[in-house]
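Listed here are the chains, written in short residue letters.
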Amino acid sequence: MNWRQLAQLVAMICLVQSVYWLLIEQPLFRANPGEAPPSAEQVRTQVARLLQPTLAAANRARFEDVAQPWTHCCDTAMFAVRITFRMADIPPAGLGLISGLQVDNYRLYVNGSLLVGEGRMEPGSGTFHGQKTFLTRIPAGLLQRGDNTMTYVTLRDGYPYTDIYPPRLGEYTALRDHSARRLWALNDFPRYGAGLLGLLGLLATVMVFRSDDWRFAAWLSALCGAFVANYLYAVVLDPPFGGWGRMLAFFAINMLIPTALLCFIDAWTRQPLRWLMPLALAGYAAAAGYIGWRLLATPMPDAFDVPAMVWVWVLALLSLATLARLLWHFAREPEDRLLESALMSVLAVATLLDALGSWYPQLGLREGYLNNAAPFLMLAMLTAFLARNFRLFQSQAALNTLLQDKVAQREAELALAHAREQDLVRQQAHDAERRRIMQDIHDGLGSQLMSMLLSARLGEAEPATVAEGLQAVIDEMRLMVDSMDSVGESLESALATFRARMQPRVAAAGLVFDWQQDEALPFPDYGPRDVLQLFRILQEAVTNALKHSGATALSIAITQPAGAAIVIRVADNGSGNAEAGAGRGMVNMARRAQAIGAGLAVDPVPGRGTEISLELHGRVAQPA
């Protein structure tokens, strides 16, 4: 457990929570700009059940006195609500009215004159303009000293409850100033929030197809889409479905937000739990299905009350699961995105407050914490994400300089690595050459000298035998010295060196030496290592001819038949017994020829001599 990192996260969460709730939420959405203006005295409230939602039906209805707040359940309901208020003086600007009804739609009449009449009032196809909270101005000309009457004609065709709360009545200018911020948060802010989060969701949708981590972008898009749908629920007052469909949409959208938030945070960790997203989606589908069944197949009020309780439980559990996922990630994995984590924790806390406010009304919590927090926190989180991943505010020159510095640094690192690799290859080549020389000394010089030593100890060291042995040792030493020479940087220079060294040696052995080489031959591009192998093959061929052939003449011809590879022929006029006394020489020649990709052929003719042909094919030069 990374307790230090976890403590840092908790401290950052406390800091961000304090900043948001004290400096953003409280002054922008909850602050009271001052004392509410004096309210007109409401002296009587009466309610009558209607068969038609019209003023004529209300005038014929039989009213009963009720106390506010007043609630009715659980069927399609049309009511006339008559509120009598008393005024001693009439303000010149008139009265301001903020209605407190929970109905689908309504008509408002003041002293018999229509004041509010937006949308449709037909049962089964009504609109939901009554869900909008706004300030209505009652002109001074409609008012009178003494008793005045407000008549609401209401329609409730979706939710089971019709709720009538006391309206707020006061001098228009004072009530307008007092309620301006609250009404802005209820009516204008959802439109701004929907627009902002819609743009973020569109950006996230593009990221789904352009980002390596598509799950992160997909859940960010889903979360923004859920917020936009929730805002539109409060803005679109004439949806293509009735009250029952609107209830189902409310629960489905409000449960989708915390579900998408949990899955988004799980993907944000870069190490999502294998089971969490499927479990969250399955839980959401089960809750939405159960709520849909309760709404459509069970009677009211349980058809609404039980889904409301399920909805509250889902909000609470998912918000707690979101906080737990963040804490678990910081406790288990190294993480430096403290600010983003704290911002997401505010969304989870806002969801939890909405659940508690619905569960425990006595706590006095208002609704809409999550709706209020979403645009600010999503924008801040995206800003933190972009600031962490992109250098948006650097000039082009600064970016070019940064890239050039990084390229130069990388080139220096590569040059250093290449130099180390060359040193390693060179050291390996030296080690291999050292082992070869040691093997040659052991197998060549060592065996010859040991044979001569044994002959001397046994008294069999004849002068001729000793001379022959010493000559063999000298020849072997010369071969070793020549093999340790670089023999030139190309095949042409190696052949020139070979001719200069072999001609005196052949002449000293009493053989006629003949060298034939076509001019301007296109020699293969052999590297130093391959040239050395070729040099040793030719040395071995000449040494075998001198030691074992009994020849009087030795010729070397370098030619290129038309359209063929270069061929080097070493021929003698000896006995023609190529294997006589050759030992491992022929085996070594064949192995070396195979190593450089050359063809080796030995053609002995008894009584006429032996010809060794080496056919050279072009190959890529190997490093020394």
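Just above, that's the structure.
Remember, predicted model here, so these are calculated numbers, not experimental data.

Analysis parameters
- Residues numbered from 1 in each chain as written.
- Predicted model: local features only at pLDDT ≥ 70, side-chain atom pairs only at ≥ 80, totals over all residues.
- Heavy atoms only, no water.
- Buried < 20%, exposed > 50% of the residue type's maximum accessible area, 1.4 Å probe, protein only.
- Helix = DSSP H or I, 4+ residues; strand = E, 2+ residues; numbered from the N terminus.
- Pairing = 2+ DSSP bridges.
- Contact = heavy atoms within 4.5 Å.
- Polar contact = N/O pair within 3.5 Å; in protein donor to acceptor, adjacent residues only side chain to side chain.
- Phe/Tyr/Trp six-rings, centres within 6.5 Å; stacked < 30°, edge-to-face > 60°.
- Lys NZ or Arg CZ within 6 Å of the ring centre and 35° of its normal.
- Axes fitted to C-alpha atoms, helices over the stretch in contact; angles between N-to-C directions.
- Parallel < 35°, antiparallel > 145°, perpendicular 65-115°, else oblique.
- Left-handed = near helix turned anticlockwise from the far one by under 90°.
- Nonpolar A, V, L, I, M, F, W, Y, C, P; charged D, E, K, R; others polar.
- Expected span 1.5 Å × (residues − 1).
- Core = buried A, V, L, I, M, F, W, Y, C linked by side-chain atoms within 4.5 Å.

**Describing the pairing of strand 15 (residues 609–616)**
Then comes step 1: Extensive coverage of strand 15 is indicated by the burial of six of its eight residues.
Then comes step 2: By the bridge criterion, six bridges tie strand 13 (residues 566–572) to strand 15 in an arrangement that is antiparallel. For Ile568, the partnering residue across the bridge sits in strand 15 and is Leu614.
Then comes step 3: As paired elements, strand 14 (residues 599–605) and strand 15 share seven bridges and run antiparallel to each other. Looking across to strand 15, one finds that Val602 is bridged to Ile612.
Then comes step 4: Turn length for the strand 14-strand 15 hairpin, with the two strands adjacent in sequence and antiparallel, is three residues, and the turn residue Gly607 shows positive phi of about 85°.

**Overview of the environment of Thr127**
Then comes step 1: Mapped onto the secondary structure, Thr127 falls in the loop between strand 7 (113–116) and strand 8 (135–138).
Then comes step 2: When the C-alpha atoms of Thr127 and Pro239 are compared, they prove to be 7.7 Å apart, with 112 residues separating the residues in sequence.
Then comes step 3: Apart from the residues lying within four places of it in its own chain, the contact partners of Thr127 are Asp104, Asn105, Glu118, Gly119, Arg120, Leu237 and Asp238.
Then comes step 4: A distance of 3.3 Å separates the side chain of Thr127 from the side chain of Asn105, its partner in a polar contact.

**Section: the packing of aromatic side chains**
Then comes step 1: Inspection of the entire model under this criterion finds 18 aromatic pairs.
Then comes step 2: Centre to centre, the rings of Phe513 and Trp515 are 6.3 Å apart; their planes meet at 45°, and the pair counts as tilted. There is no split in this pair, since Phe513 and Trp515 are both buried.
Then comes step 3: Taken together, the ring pairs connect Tyr159, Tyr161, Tyr233, Phe250, Phe251, Phe304 and Trp311 into an aromatic cluster.
Then comes step 4: The cationic tip of Arg82 hangs over the ring face of Phe63; the distance from NZ or CZ to the ring centre is 3.9 Å.
Then comes step 5: Positioned above the aromatic ring of Tyr172 is the side chain of Arg137, whose terminal nitrogen or guanidinium carbon lies 4.8 Å from the ring centre.

**Re the packing of helix 6 (residues 276–297) against helix 7 (residues 302–332)**
Then comes step 1: Relative to each other, helix 6 and helix 7 sit at 170°, their axes nearing to 8 Å. By the angle class used here, helix 6 and helix 7 are roughly antiparallel. The interaxial crossing formed by helix 6 with helix 7 has left-handed handedness. Residues Leu276, Ala287, Tyr290, Ile291, Arg294 and Leu295 of helix 6 touch helix 7, and the partners they reach there are Asp302, Ala303, Phe304, Val306, Pro307, Val310, Val314 and Arg325.
Then comes step 2: Here the residues of the contact of helix 6 with helix 7 sort into 11 nonpolar, no polar and three charged.

**Quick word on helix 12 (residues 491–508)**
Then comes step 1: The terminal C-alpha atoms of helix 12 lie 26 Å apart, and with 18 residues this matches the ideal 26 Å at 1.5 Å per residue to within 8%.
Then comes step 2: All buried positions along helix 12 are accounted for by Leu491, Ala494, Leu495, Phe498, Met502, Arg505 and Val506.
Then comes step 3: Looking one or two residues past helix 12, Gly510 carries a phi angle of roughly 90°, positive in sign.

**What about the nonpolar core?**
Then comes step 1: Core analysis: the biggest nonpolar cluster contains 77 residues, and Leu197, Leu223, Phe227, Phe251, Phe264, Leu347 and Met378 have the highest contact counts within it.
Then comes step 2: Once you skip the residues sitting within four places of it in the chain, Phe227 turns out to touch Leu197, Ile257, Leu347, Leu370 and Ala374.
Then comes step 3: Trp515, Phe535, Ile612 and Leu614 belong to the second largest nonpolar core, which has 35 residues in total.

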